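# Secondary and tertiary structure notes
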Amino acid sequence: DKKCPFTGNVSIRGKILKGMVVSRKMKRTIVIRRNYLHYIKKFNRFEKRHSNVSVHCSPCFEPREGDIVTVGECRPLSKTVRFNVLKVDKNQIFGNPRKVFMLF
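We now turn to the structure provided with this report. (Residues numbered from 1 in each chain as written. Predicted model: local features only at pLDDT ≥ 70, side-chain atom pairs only at ≥ 80, totals over all residues. Heavy atoms only, no water.)

## Some words on the environment of K99
With respect to the helices, strands and loops of the structure, K99 is situated in the segment after β5 (83-89). For the pair K99 and K25, spaced 74 residues apart in sequence, the C-alpha separation works out to 18 Å. (Helix = DSSP H or I, 4+ residues; strand = E, 2+ residues; numbered from the N terminus.)

## Re unusual backbone geometry
Peptide bonds are mostly trans, and most non-glycine residues show a negative phi. One non-glycine residue, R28, adopts positive backbone phi at about 60 degrees. Among the secondary structure elements, R28 is positioned in the loop between β1 (16-23) and β2 (29-40). Take R28: its relative accessible area is 42%, and that puts it in the partly exposed class. Of note, the phi angle at N44 is positive, near 60 degrees, even though the residue is not glycine. Mapped onto the elements, N44 comes out in the loop between β2 and β3 (45-56). (Buried < 20%, exposed > 50% of the residue type's maximum accessible area, 1.4 Å probe, protein only.)

## A word on the pairing of strand β4 (residues 68-73)
With respect to burial, β4 is a largely interior element, five of its six residues being buried. The pairing of β1 with β4 spans five bridges and is antiparallel. Bridging from a neighbouring strand, G19 pairs with V69 of β4. Where β4 and β5 come together, six bridges link them in antiparallel fashion. Looking across to β5, one finds that G72 is bridged to N84. (Pairing = 2+ DSSP bridges.)

## Side note on the sheet that holds β2
Strand order in this closed barrel of five strands is β1-β2-β3-β5-β4, and the pairing throughout is mixed. When strand polarity is set aside, the average angle formed by the axes of neighbouring strands in this sheet is 50 degrees. (Axes fitted to C-alpha atoms, helices over the stretch in contact; angles between N-to-C directions.)

## Examining a nonpolar patch on the surface
On the surface, a cluster of nonpolar side chains totalling about 410 Å² of accessible area is made up of L37, Y39, F46 and L103. Mapped onto the secondary structure, Y39 falls in strand β2. (Patch = residues over 30% accessible without salt bridge, like charges linked within 9 Å, V, L, I, M, F, W, Y side chains within 5 Å. Areas by Shrake-Rupley, 256 points an atom, 1.4 Å probe, with all protein chains shown as cover. Salt bridge = Lys/Arg side-chain N within 4 Å of Asp/Glu carboxyl O.)

## Quick look at the pattern of salt bridges
By the definition in use, this model includes four salt bridges. For R28, the salt bridge goes to D1, with nearest N and O atoms at 3.2 Å. Linking R28 in the loop between β1 and β2 with D1 in the segment before β1, this pair joins segments that are 27 residues apart in sequence. The class of D1 is partly exposed, set by a relative accessible area of 31%. Notably, a salt bridge pairs D89 with K87, separated by 4.0 Å at the nearest N-O pair.

As structure tokens, this is what we get:
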């Protein structure tokens, strides 16, 4: 795989992020969900927010929905993909992974 950070021509530089796998429907690309809390000063409370990131997944990784993946920033690989999977941690999430709010 030429876009693999281990065997291909892509270097990892910049941010290292963690997220939960939400979708694996694309070929060699997965979507991860990053949850975070946003502070509302008026009410002195936090609200839950999330963002989805498209990540290139090399064939040597086999992530399933609900797994926690570590991703690293690289050069743009396509229109929306700027990150590459570096590590997959198995996770036991029961039910729909989109509905679960977890901070890593």
